[in-house]
Every structure is written in structure tokens, then in C-alpha cells.
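# Structural features, examined
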Amino acid sequence: MNKFKLSLLTLAMAGVSSLALAAEQQTAAPAQNPTQQQTDVAQDNTTQSITAQTTDNTAAADSVEVIRVRGFAGSLFRSLDAKRFGDTVSETISADDLGALPDVSMADALTRLPGISAVRTGGQAAEINIRGMSGGFVFSTLNGREQVSTSGKRNIEFDQYPSELINSAAVYKSPKASLIEGGVAGTVELQTASPLRNEKQHTFTVNARGMYNDRADEVPDGVDFGHRFSLSYQGKFLNDTLGFAAGYARLYQPSVATQFVGLAYNGEKDTNDDGVNEYISEGFELQHKGGEETRDGYMAALEWTPHDAFTLKADAFLSKFDKEAFARGFRVKFGGPTAALGNPVLNGSSVIGGTFNRTTTSFTRVEIVNDDNRDYDEVRSFGINADWDVSDSVNLSFDVSHSGAKSNFRNGLLWALVAEDATAATPVLDTNVSISYQLNNLNLPGVGFNQAAAFSDIDKVMVSKYGIYPYVNEDEVNAVRLDATWLLDLPVVASLEAGVRYSERRYKNDRSIFEYGSDGGFLNSQPPLRLTADMTEVVNFQGDFAAYPAYLSVDLNKALAAWFPQGIPQPVQTWGAGNPDLVEEQLADTGPNTSWSVLESGEVYEDVLAGYVMANLDTEVFGIPLSGNIGVRVVQTDQSASNLADVNGDPLRGAQNITDDSGLVNTRYAPGVLGEKYTDVLPQLNLNFGITDNAQIRFAAAKVMSRPPINRLASNTSITISDDGEISGNSSNSPFLRPFEATQYDLSYEYYLPSGAIAFALFYKDIKSFVNDFTIQQFDFAGAGYDVPLEVIDEDGIPRATFNGAFSTAVNNGEGGYIRGAELAFTKVFDSLPEMWSGLGVQGSYSYTESEVSLINDLGGAATETSFEGLSQDVLTGTVFWNYRGFDARVSARYRSPFVSSQVGIDEQITNFDSETVIDMQTSYDVNEHFKLLFQVNNLTDEPTKSYFGDKAQTGTIQFFGRQFYLGAVYTF
């Protein structure tokens, strides 16, 4: 424990437990390291109620009233105290005990805070948005250390973090110089247990819940039931000088959904021969999705304080999240500009209805899909921290850490097409295809198929293609940090902090492929599979989807065993047998060109050296107490990536023989490393004016930055040519991308009521630059210098003329703009009501955000402006809770207005999401001091996710997830 004299602000932040102890022992209380103050508040297990403010330490200690409030109200009081006595604009949530947070993951828990919303993936919150900015602008730490992600981006996936293993979470909306840079939207700090701060000598908690999803019976092979289980322990030994904490949390839950998905408008057609182009969607999907998700989380902490001046703590966190999912149903391909389109219905220049008929030059078809996706994710975090009071006025803190993540996503596809006669010796594709449809805004569309009866006929459907496309990425960061604090006897500056941090981050991405057959026809060289009765099951859509035709669900394992009796070939990273740049002896007339699997694989290197200096303020201005901090952080970044430079086989330019995993040798490229260094200077200011005992005004100003997603720093330009001759390219990643930068200002007013608070905040972010993605349709590849052929030979030896498709790229856009808004939050427990109702309370917040920054999106046809990704103009949260004699109940609602985000899992399409209101409820009853029963329902109203392409008439996604019911118990002793 540190030995500094404290101002009232620091005393309050130290927590009631340490404050009361200090008041008994000495007049001048021991101080804590100011860099640790926020953490101590978040982890304190005793509710604080500070009833008066004074500059005298002894009077401050006497003014503290200790109130024991547990349950949801207790968590709110701890959050309010952390907000009140924090030195930045922040929000906090905390648990009574380790394992007590009720949410499935930290993503759900964080959405209870003002200005924070979530993007649901599979019906469950995974990515959070802060103040209208998407997850890519949210920086996250665990126990003060940078965390990497399994997503291949910067933002962590919060559903990877079990709430049962997290003691507290703080969201810093304004930064300070001592915080690690990276969060333009905000920084989320997660904290695991610190056992020596635990209130009790020993605490053991067991949490078990059964789970049921009420839509699982609509999905073939859907799983109805799941469970959650956790246990945790905290203990103090050797006269409270040694502490140990450990926890384990398991989640097993069904993942089910029934969905319609509209695909992007990537085709242009002059339907009336008048020279006016109309945009045609690629098609749509009607599918059942199901699967199982299993998450195992582990945490441990060992804390040793041999004497008051020194503390050594080691902690570890590990989470494994395995997802096995399938998608079954239809994928409809309209056939592009060469299809015959009758009776088109237009929304502007985009087709939203009509009848598509296959022609001799179009690929109009209905694919019966049986996709099988497996995602194995792991995150780990280890660290050791030493905190030493060198003297009464100097403190040193040294920290070394490792954070790693690995994701192995295997996207498996089994596609079937309709044959004229599947029993024939040489089956022929049924080319008599007619598809009618009419979108219905954000309701399910009307569709019709002339082949509908054949979709469930084993004598018509044949498996035509199997493909598997693993996406493996590894990300890790090793860091070392040294911080120093000096207590100063000065009238304005209470203490001075300085520190340095060095980190090395390495990201590696590996792509590979195996394909057999074709999704557009039956190949002679790789013939289709005849299905048998034991491989298939006829599936009918139910409920809202009951009008759509039945289809054949195919048992993947049985089908592959029949198709590949000698064993299923495994995917490899390969140039492809049809790559034109192989050495002469390997050139083949036919075969795929899969150079993208090599070109999109590579490594990213990022070394960061950061230093800061910060003065903590404690003074008065015209008789008004003023606290806060002012400082500057200087960050030097050295970023680079492996690169295969296209030298077109010229040995004088360094062309080398590059061998892939299958032994194919390419002579076109030269390996190397590209990158650059840059320095950012980030000044930051936080001021807090205590205008009365119960009211304060905060002002904050800072320059902030968020680096591009780590995978976007890779160097990869890939050109692909499809079987039908379409040329497409991608250069969306670059090691020369710079950070997103902004200057931000915060002004807030906080008034603390008896058993409650009101807070109002204004914020403004002046954006200087950001990474802008755009796609150029019908890009002139040859004119841009790319060596592309005039024709390609397909799998059947038929020559096809090549034609220009889309080229995707990204640059730093120097044109910025503002994001601004206001937040209002209110919390109140009505403890003055009669006893039965004294535990009644409400918590609510409203956030308004607007921006002049817009993005250009052409996925809906003609290019249109959309709002900044993640921005909802209106976000509301509301909770009504009640506690009486051991009975605790709450109902929570979260509303967000329309916003723009990635349509996850659909080729990362950027779409407009409709507004949504998600309602959860929980009740519990304390049978006795140690045993509690609980019942919980998530997504109480079965709120679907709905999206659209620029206009609601152009339907994107309509996805229903079902309600999740939990019944269980918690035992603590």
C-alpha cells in the first residue's frame, strides 16, 4: 500500500474499506498510486456513499457512511461512486463478488451504460459502439494491458470474455495521458479479481444455469437446451499478505436463426434498351442456421504484499470459444446483366422485383446450400506487475505482459443443383430456371420458383460442389511498461506522473483452399454426386417462413464419404494448377487459379514506443475545488508487412521462384517487406470543478487516435478471374495506412441525489482523417497496368472472354468532419417509499449523436451517402428494478435508431440496419445468505435483426434468433 497523503478526491477513490482502516490507524491516510485509483474503485466490493466534501482528510474520513447494498442497486451505487470520483469522463459497472454479473458476456453488460450500444451477431451482443462510433474505434485493455483479438481487427470480441470472470469494467470516454493510446470512441478497461482487496477472508461461488431457445425447434438439427456453469474462489493467507483467486466459466448454448438475406446490387443492365442502367442484386438467400457454441474461460491471480511498500501481482486469463454452425436452404443467383428480366419493379434505378429467366449466356440458378462453418478461437493474457513505494513521495510500477489470440475459421460449402434427371448415367443440369420475387421492405418477400417441387426430390437434386476455405490468423503483443509517480507539495500540482511503454505486435494470416466441382453446373472432370435417401432429409420452413418451398438437407459427412471414398482432400495454400505464372514444366491447360490464397496470406509487424508525462491537479479557482490532470503522450509507431511485389517474372527486378504448399512454383513475384514510421503527439486535459457538495462540472480536451485494423496493414493486391471470365481485384490493405485521428472535447454536469444521480454531457469530435474504403465497378484492369488475359478456358475446356468487374481499395481520406452529441443519464432508488417499495428504482439514459462524416456505399446500386459506421442518432437504455426481502427483479430495454454496420458473415457487406429494441428481464430470490435462485430471459420480445441497402425497399437481412431462457442458482460462501 502506498504512503502518500491524500486529498479528499483521492481518499474517496481509494474505497471505503481502506479509508475506514486508515482513519483508525493514523490521521494522514496512506495514499494509493494515482495510476491505480480507477482500478481500486472498480474492484472495491463495498458500496460507498460520500455525504460531504472537505479538504481536511480526517473530516473526509468521518463523513463517509458505509452502506451495505447488494444486488443490482448495489452495483449501480458502486458505478456512480466510480464515476463521481474518477478523474476522467467515464462509466463503470462492477459485481458484488467475482462471478456475480448476470450477463452472458461483457458485451451484454456494457450495453447497460449511457452512450453504449451493441451490434448483435447471431442474436447476441459481440461488438460495442461508443458515442456513435463502431467497434474499430474502441480500444480495450484487461488489467491495464492491451488486448489483441481473434477478429483480425483491433477491437476485441467481448463475447469472448465471460462476465463471471470479470470483476469490473470501466469505459473511459475522455482519455488521459497515462492510458494506452488507441481509442477515438473510448477505452474499455476490464478488470479481473484482486484477491487482497476482497472483503472476506475466503469467498467461493458456484453458478449454474440451464438455458432454452424457443426457436430451436424450427431449425433442422437445432439444439434446444444449453447451460452456463462457473465457479470461483478468492482467499487471503499469511496475515493478509498473500492472496489467490481463480475462476472457471463454461457456456454451452444453441445458436439458431431463420433468415432472409438480400445480396448486394453488383450488376448493371439496360433493361429497356434506352441506355439507362438499372442495378440488379446478385440474388438472395433463404436459410436455416443452427449450431452449438462452447466457451471455456479461466482466470487466476496471485498477489503478494510482503510489506506495505511493495506489492507483486501475477495474473492470467484464458478463453476458448468454439463455434460449430451450419446454414441450410437456398441461395438464389439472378444471373447478372445477361439474364432475361421480365416485369421489373424498380426502386429508383435498382430492381426490387420481377421475373428472372435463365438464358444461354446467364448463370441464373437456385443453389441448395448445406454450409458447414467451424470457428475455433482462443485468447490469452498474462502479466506480472510490481508496485513499489520507493519513499513517502515516490512510487514506481513495472509491468510486463503478453496478450495472444488465435482463430481458425473453416468455411465449408456443400452446394447442390437441380438436374433434369439425377438417375441418368450422365446427368444434365436443368436449365429451365425461372425465379420470381418481390421485396417487401423490411418484411419477408414474396418468391416463386418454377423448380420448387424439385428442391426436395432426391431424383432431381445433385451435389455439384464442395469447397473449404480456412482462414487462420494469429495475433500477439508483448509489452513492457514503467510508470513513476512523485507526490509534490505544491499549491496546484498534487503529483506528477511519467512513464514509458514499449510493445511488439505480430499478426499472421494464412489462407488456403480446396474446391471440387462447380456451383454453376455439372463438370465432366469432377462429376456431381448422386444423393441417397440415408444422406438426406426433407425440411419445411415454419412460422413466418412457412410459405417458402421445402428443400433437401444433406448430411455433410455421409455425402463427403461417398464422394471421396479414398479420403477427403485437405485444403492447401496454393497458386492453383491454372495459374499462368507457374514454371513452364507445371503449366496446365485447365485448373483453377487460386493465387489469392498465397497473396492474401502474410504477416504484419508493429512496434510502438510511447512515453507520457502528466500532472495531477488539486487546487481551487475562485473558491471552487478543481481537480483533474493535464499531460501529453508521444507515440512512435514502426509498422510494416511482408509483401509479394509483382515484377511480372522479370529476374532483373528480383523475380524469384516461390513454391506453395502443394509444390507449385510461381515465377512472377519478389518477396520483401514494406512499411514506414510515424510519430503522434497527443496532448490531453481533464478538469473537474466541484461547484457544490453534490454537483460538479467536467471539461476534457484531447487529441486521440485509432490505428487501422491490424489486418488492414497487410500488403496484398490480388487479381482473380472467375470461371465465367469476370476479372476482380482487391487492394484494400496497405502497410502505409495511417491512424484515424480526431480532436475531441467533453463538457458534462453531474448532480448526485440521495440514492441517485443525474448527469448531462456534451461531446464533440473533430475528425482529421480516416481510412476510406471504396469499390470501383467495371474497373479497367488492363488500362491500369495489370497483365490480364483476353480470355480464359473454363473447367470443360470452353474459352470465355474476360470482362472487367470490381476493384476494391482503401486510402487515408484527408477530409474529416465532426461527430457531436449529447447524453443524459438518470439513476434513482426510491428508498424513501414505504418498506415494501423502498427497493424500487430506475436507471435510464438517452444519447443523441450526429455527424457530417459520410461514407459512400454502392452495394445498393447507384452510389449513395450513408452515415458513419456504427452511428445511431438515438440510443436509449432503461431499467426498472425492485428489491424486497431477498427478491430482486429488473426489466431492461435497449433501443437504438438505424445505423450502418457490417452485415457479418455475408462477405462483410456494409448495410443499413433498422432500429431495434431489445428487452431482457431477470428475477432472483435469496433463499438464505448463501443460496440464490434466478430466472432470466434475454430478447424477451424475439426482436429480429433487419437491414437494407440504402433504402428500406431494398431488403438486406431479416433474421430471427428466438428468446433465451435461463433458470439456475448461485451458491456463495
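Just so it is clear, the structure is predicted and the values come from calculations on it, not from any experiment.

## Some thoughts on the overall build of the protein
Each helix and strand counted, the protein has 8 helices and 55 strands in total. Contacts in the protein between residues at least 24 apart in sequence constitute 73% of all its contacts with a sequence separation of at least 6. For the protein, the exposed surface amounts to about 37100 Å²; the carbon and sulfur share of it is 54%.

## Concerning the nonpolar core
Considering soluble globular proteins, one finds that nonpolar side chains tend to be buried as a cluster. Core analysis: the biggest nonpolar cluster contains 53 residues, and Leu414 and Tyr466 have the highest contact counts within it. Setting aside its immediate chain neighbours within four residues, Leu414 contacts Ile368, Val369, Asn370, Asp371, Val463, Lys465, Tyr466, Val554, Leu556, Ala559, Leu560 and Trp563. In this structure, Ala109, Ala125, Ala193 and Phe740 belong to the second largest nonpolar core, which totals 46 residues.

## Brief notes about the sheet that holds strand 8 (residues 168-172)
Overall, mixed pairing links the 5 strands, which are arranged 3-8-9-6-7 in an open sheet. Strands with a single pairing partner mark the edges of an open sheet, and in this sheet they are strand 3 (90-94) and strand 7 (145-146). In the sheet, strand 3 pairs with strand 8 via 5 bridges, with the strands oriented antiparallel. Residue pairing for strand 8: Ile93 is matched across the bridge by Ala169.

## Some points on the environment of Asn629
Residue placement: Asn629 occurs in strand 31 (residues 624-646). Sequence separation between Asn629 and Asp87 is 542 residues; the distance between their C-alpha atoms is 7.4 Å. Residues within four places of Asn629 in sequence aside, it is in contact with Asp87, Lys176, Met614, Ala615, Asn616, Leu617, Gln684, Leu685 and Asn686. Within polar-contact distance, the side chain of Asn629 engages the side chain of Asp87 at 3.4 Å.

## Some thoughts on the packing of aromatic side chains
Within the structure shown, the criterion is met by 36 aromatic pairs. Plain terms: the ring middles of Tyr161 and Phe317 are 5.2 Å apart, the flat faces sit at 5° to each other, and that makes the pair stacked. Of this pair, Tyr161 sits in the loop between strand 7 and strand 8 while Phe317 is found in strand 17 (residues 310-333), placing the two residues 156 residues apart along the sequence. Three or more aromatic residues joined by ring pairs make a cluster, and in this case those are Phe330, Phe449, Phe455, Phe541, Phe545, Tyr548, Tyr551 and Phe960. Looking at Arg84, its charged tip hangs above the ring of Tyr752, at a distance of 4.7 Å from the centre. For Arg328, the ring lying beneath its charged end belongs to Phe326, and the centroid distance is 4.1 Å.

## Some thoughts on the pairing of strand 17
Of the pairings in the sheet, the one linking strand 16 (residues 283-307) to strand 17 comprises 23 bridges and is antiparallel in character. Looking at the pairing, Tyr298 lines up with Leu318 of strand 17. Between strand 16 and strand 17, which follow one another and run antiparallel, lie 2 residues. Note: strand 17 against strand 20 (residues 365-389), 24 bridges, orientation antiparallel. Bridge assignment links Gly329 to a residue of strand 20, and that residue is Val369.

## Focus: the side chain of Arg365
Positionally, Arg365 belongs in strand 20. Within the structure, the side chain of Arg365 is placed 3.0 Å from the backbone oxygen of Phe363, a separation counted as a polar contact. At 2.8 Å, the side chain of Arg365 and the backbone oxygen of Asp519 are in polar contact. Not counting chain neighbours up to four residues away, the residues in contact with Arg365 comprise Arg331, Val332, Lys333, Arg358, Leu417, Val433, Ile435, Asp519 and Gly520.

## Comments concerning the pattern of salt bridges
Within the structure shown, the criterion is met by 45 salt bridges. With a shortest N-O distance of 3.0 Å, Arg250 and Asp296 are connected by a salt bridge. Taken together, the residues span a long stretch of sequence, with Arg250 in strand 12 (residues 242-254) and Asp296 in strand 16 at a distance of 46 residues. The partly exposed category is assigned to Arg250, whose relative accessible area is 27%. We note a salt bridge from Glu600 to Arg511, for which the minimum N-O separation is 3.4 Å. Of this pair, Glu600 sits in the loop between helix 8 (596-599) and strand 30 (602-621) while Arg511 sits in strand 25 (residues 493-511), and the two are 89 residues apart along the sequence. A relative accessible area of 21% means that Glu600 is categorised as partly exposed. Beyond isolated ion pairs, a larger network of salt bridges with shared partners links Lys83, Glu91, Arg131, Lys173, Asp746 and Glu823.

## Section: the environment of Ser845
By secondary structure assignment, the location of Ser845 is in strand 44 (residues 840-851). A sequence separation of 85 residues divides Ser845 from Phe760, and the C-alpha atoms of the two residues are 9.6 Å apart. In contact with Ser845, other than residues within four places in its own chain, are Pro114, Leu824, Ala825, Val875, Leu876 and Thr877. Of the polar contacts made by the side chain of Ser845, one reaches the side chain of Thr877; its length is 2.5 Å.

## Regarding unusual backbone geometry
Even without being glycine, Asn143 reaches a positive phi, approximately 55°. A relative accessible area of 13% places Asn143 in the buried class. The phi torsion at Asp221 lies on the positive side, around 65°, for a residue other than glycine. Residue placement: Asp221 occurs in the loop between strand 10 (202-213) and strand 11 (225-237). Take Asp221: its relative accessible area is 53%, and that puts it in the exposed class.

## With respect to the confidence of the model for the protein
On average, residues of the protein score 85 in pLDDT, and 87% of them are at 70 or above. Within the model, pLDDT remains below 50 along residues 1-68, and this stretch shows 152 contacts once partners closer than five positions in the same chain are excluded.

## Brief notes about helix 7 (residues 556-563)
Burial in helix 7 covers these residues: Leu556, Ala559, Leu560 and Trp563. Across the axial projection of helix 7, the buried residues extend over an arc of 95°, all falling on one side. The secondary structure elements touched by the buried residues of helix 7 are strand 20, strand 21 (394-418), strand 24 (461-487), strand 26 (514-517), strand 27 (529-530) and strand 29 (551-554). Two to three positions downstream of the cap, the backbone nitrogen of Asn557 sits 3.1 Å from a side-chain oxygen, assigning the N-cap of helix 7 to Asp555.

## A word on the environment of Ala422
Along the polypeptide, Ala422 turns up in the loop between strand 21 and strand 22 (434-440). Taking the C-alpha atoms as reference points, Ala422 and Val461, 39 residues apart in sequence, are found 6.6 Å from one another. For Ala422, the contacting residues outside a window of four places in its chain are Ile458, Asp459, Lys460, Val461, Met462 and Arg530.

## Concerning the pairing of strand 22
In this sheet, strand 22 lies alongside strand 19 (residues 350-357) in antiparallel orientation, the contact comprising 5 bridges. Across the sheet, the residue bridging to Gly354 is Tyr437, located in strand 22. Sheet topology places strand 22 next to strand 23 (residues 443-449); 5 bridges connect them, and they run antiparallel. Its bridge partner lying in strand 23, Asn440 is registered against Asn443. Hairpin connection, strand 22 to strand 23: the antiparallel pair is bridged by 2 residues, and Asn441 has positive phi, about 55°.

Rules and cut-offs
Residues numbered from 1 in each chain as written. Predicted model: local features only at pLDDT ≥ 70, side-chain atom pairs only at ≥ 80, totals over all residues. Heavy atoms only, no water. Helix = DSSP H or I, 4+ residues; strand = E, 2+ residues; numbered from the N terminus. Contact = heavy atoms within 4.5 Å. Areas by Shrake-Rupley, 256 points an atom, 1.4 Å probe, with all protein chains shown as cover. Core = buried A, V, L, I, M, F, W, Y, C linked by side-chain atoms within 4.5 Å. Buried < 20%, exposed > 50% of the residue type's maximum accessible area, 1.4 Å probe, protein only. Pairing = 2+ DSSP bridges. Polar contact = N/O pair within 3.5 Å; in protein donor to acceptor, adjacent residues only side chain to side chain. Phe/Tyr/Trp six-rings, centres within 6.5 Å; stacked < 30°, edge-to-face > 60°. Lys NZ or Arg CZ within 6 Å of the ring centre and 35° of its normal. Salt bridge = Lys/Arg side-chain N within 4 Å of Asp/Glu carboxyl O. pLDDT = per-residue confidence, 0-100. Arc of directions from axis to C-beta.

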